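Summary of structural features
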Amino acid sequence: MDIPVYLFTGFMDSGKTTFVQETLAENDFGVGARSLIIACEDGEVEYDEQKLLEKQVSVIGVDSEEEFTPEFLADCDATMRPDQVFIEYNGTWEAAKIMEMKLPSGWQIVQVLTTIDASTYELYLTNMRVMMMEQVCASDVVIFNRCTDETPKGKFRRTVKGYNRKAQIVYENADGTIDEDFMEELPYDINQDFIEITDADYGIFYLDVQDDPKKYEGKTIRFLALVYRPEKMGKKPVFILGRFAMTCCVQDIQFIGLKCKYDRAETIPHKSWVWVTATIHVEFAKEYRGKGPVLYADEIEPAEAPADELVYFT
């Protein structure tokens, strides 16, 4: 029988302990099950162990990273026999450690949730960007809490999506309510049939068209792109158009592009710069492993490389 493991990541004082306790309290989560909380750090908020015991929830603390081993987890499993496990992971420990660790038989990480204090997020991005991005790289849900009217939610969303496109992002206000109405304002008019995508806007466009391709169906776009057409594509009338983007740091640059169909594709050199005017259609593409935005090029013109070849998600 599989034992679900819920992994909570985030820096100290980002609200992990409160979130774990609220998860257990809401809708009688896991009622009747033996639950185990493994707390890997001590923050300002402490677990009410007596109250938790009344709900068959036990708490085990971990004092150091060296103590957090497969053997330790196996001992927790043998001693507590939990039906479900909540791990409040230490924000200063390498996130890959828990994702790659051999878990006890039957334990399976079913959801990774990351809490982020919106009031300190930009400070952490400036001084500890790599460590911060490690927190969200495997997250299923990222919760920005303590949001205010001044919180740049669109910018925060892009920094997360640039590193982890599958993550669901939640904005929690200072009073604990969830902002369900937030919609990022695009830097171009999505209601127009023709859209010019600038270098500065390509990262935003790429994330948005991947998240909601249907709203781009039939629209014509124009942008400066790098052609990816290796020899293995042969004479097929397709290639990939995109840009290299910095998602986290210089060591984390990746090519982000869209499939493009063009009847004279073989005449376009690999790694050449072009101005492309194309119409977007949503259809199945093996490159996307499902349906996604496919460009049908109407016009392709040779172009010079831009002064800054990278695009960003900020």
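Described below are features of the structure shown in this document.

Digging into the overall build of the chain
- From N to C terminus, the chain includes seven helices and 14 strands.
- Along the longest, intermediate and shortest principal axes, the C-alpha atoms of the chain span 70 × 45 × 35 Å.
- In the chain, buried positions account for 48% of the 314 residues.
- As displayed, the chain has an accessible area near 16400 Å², and 49% of this comes from carbon and sulfur atoms.
- Across the chain, the 32 positively charged side chains and the 57 negatively charged ones have centroids separated by 10 Å.

Some details on the packing of helix α5 (residues 121–136) against helix α6 (residues 153–161)
- Two elements in contact, α5 and α6, have axes separated by 13 Å at closest approach and are oriented at 10°. Looking at the two axes, α5 sits roughly parallel to α6. Here Tyr121, Glu122, Leu125 and Met133 of α5 come into contact with α6, specifically with Lys155, Phe156, Thr159 and Val160.
- The class makeup of the residues in the contact of α5 with α6 is five nonpolar, one polar and two charged.

Structural notes on α5
- The first and last C-alpha atoms of α5 sit only 12 Å apart over 16 residues, clearly below the 22 Å expected at 1.5 Å per residue.
- Of all the bends in α5, the largest measures some 115° and sits at methionine 128.
- Within α5 the residues assigned to the buried category are Tyr121, Leu125, Met132, Met133, Gln135 and Val136.
- Elements in contact with the buried residues of α5: β1 (3–9), β5 (107–117), β6 (141–147) and α6.

Digging into the nonpolar core
- Counting 39 residues, the largest nonpolar core has Phe205, Phe223, Phe239, Leu241 and Leu295 as the members making the most contacts within it.
- Broken down by secondary-structure element, the contributors of at least two residues to this core are α7 (202–211), β9 (220–228), β10 (238–246), β11 (253–261), β12 (273–285) and β13 (290–302).
- It is α7 that contributes the most residues to this core, six residues altogether.
- Within the second largest apolar cluster, 20 residues are counted, among which are Ile3, Phe68, Trp93 and Trp107.

Some remarks on the pairing of β12
- For β9 and β12, the ladder comprises seven bridges, and the chain directions are antiparallel. Within β12, the position partnered with phenylalanine 223 by the bridge is valine 276.
- By the bridge criterion, 12 bridges tie β12 to β13 in an arrangement that is antiparallel. Bridging across to β13, valine 282 finds its partner in proline 293.
- The hairpin formed by β12 and β13 contains four residues between the paired strands, and arginine 289 there has a positive phi angle of roughly 60°.

Examining the pattern of salt bridges
- Counting across every chain of the model gives 13 salt bridges.
- Between arginine 34 and aspartate 83 there is a salt bridge, with its nearest N and O atoms 3.8 Å apart. In this pair, arginine 34 sits in the loop between α1 (16–25) and β2 (35–39) while aspartate 83 sits in the loop between α3 (70–80) and β4 (84–88), placing the two residues 49 residues apart along the sequence.
- Here arginine 34 falls in the partly exposed class, since its relative accessible area comes to 38%.
- The residue lysine 215 makes a salt bridge to aspartate 208 at a minimum N-O spacing of 2.9 Å.
- Each member of the salt-bridge network shares a partner with another, and the members are Glu196, Arg222 and Glu301.

Section: empty space enclosed by the protein
- Enumeration according to the criterion identifies one cavity of 30 Å³ or more in this entry.
- In this structure, the largest cavity spans a volume of roughly 50 Å³.
- Lining the largest cavity we find Leu7, Thr9, Ala95, Ile98, Met99, Val112, Glu134, Gln135, Cys137, Ala138 and Ser139.
- Going through the elements one at a time, β1, α4 (95–100) and α5 are the ones with two or more residues in the lining of the largest cavity.
- By residue number, the principal contributor to the lining of the largest cavity is α4, which donates three residues.
- Residue composition of the lining of the largest cavity, grouped by class: seven nonpolar, three polar and one charged.

Here we look at the sheet that holds β1
- Spatial ordering of the open sheet is given by β3-β2-β4-β1-β5-β6-β7, a layout of seven strands whose pairing is parallel. The open sheet is flanked by β3 (57–61) and β7 (168–173), the only strands paired with a single partner. The average undirected angle you get between the axes of adjacent strands in this sheet is 20°.
- Here α1 sits on the sheet in contact with β1, β2, β3, β4, β5 and β6, set at roughly 160° to β4.

What counts, and where the lines are drawn
- Residues numbered from 1 in each chain as written.
- Predicted model: local features only at pLDDT ≥ 70, side-chain atom pairs only at ≥ 80, totals over all residues.
- Heavy atoms only, no water.
- Helix = DSSP H or I, 4+ residues; strand = E, 2+ residues; numbered from the N terminus.
- Buried < 20%, exposed > 50% of the residue type's maximum accessible area, 1.4 Å probe, protein only.
- Areas by Shrake-Rupley, 256 points an atom, 1.4 Å probe, with all protein chains shown as cover.
- Lys, Arg positive; Asp, Glu negative; His and termini not counted.
- Charge placed at Lys NZ, Arg CZ, Asp CG, Glu CD.
- Axes fitted to C-alpha atoms, helices over the stretch in contact; angles between N-to-C directions.
- Parallel < 35°, antiparallel > 145°, perpendicular 65-115°, else oblique.
- Contact = heavy atoms within 4.5 Å.
- Nonpolar A, V, L, I, M, F, W, Y, C, P; charged D, E, K, R; others polar.
- Expected span 1.5 Å × (residues − 1).
- Bend = angle between axes of the 7 residues up to and from the residue.
- Core = buried A, V, L, I, M, F, W, Y, C linked by side-chain atoms within 4.5 Å.
- Pairing = 2+ DSSP bridges.
- Salt bridge = Lys/Arg side-chain N within 4 Å of Asp/Glu carboxyl O.
- 1 Å grid on protein atoms, 1.4 Å probe; cavity = no way out; pocket = protein on both sides within 12 Å on 5 of 7 lines; lining within 4 Å.
- Points joined across faces, edges and corners; volume = space filled by probe spheres on them.

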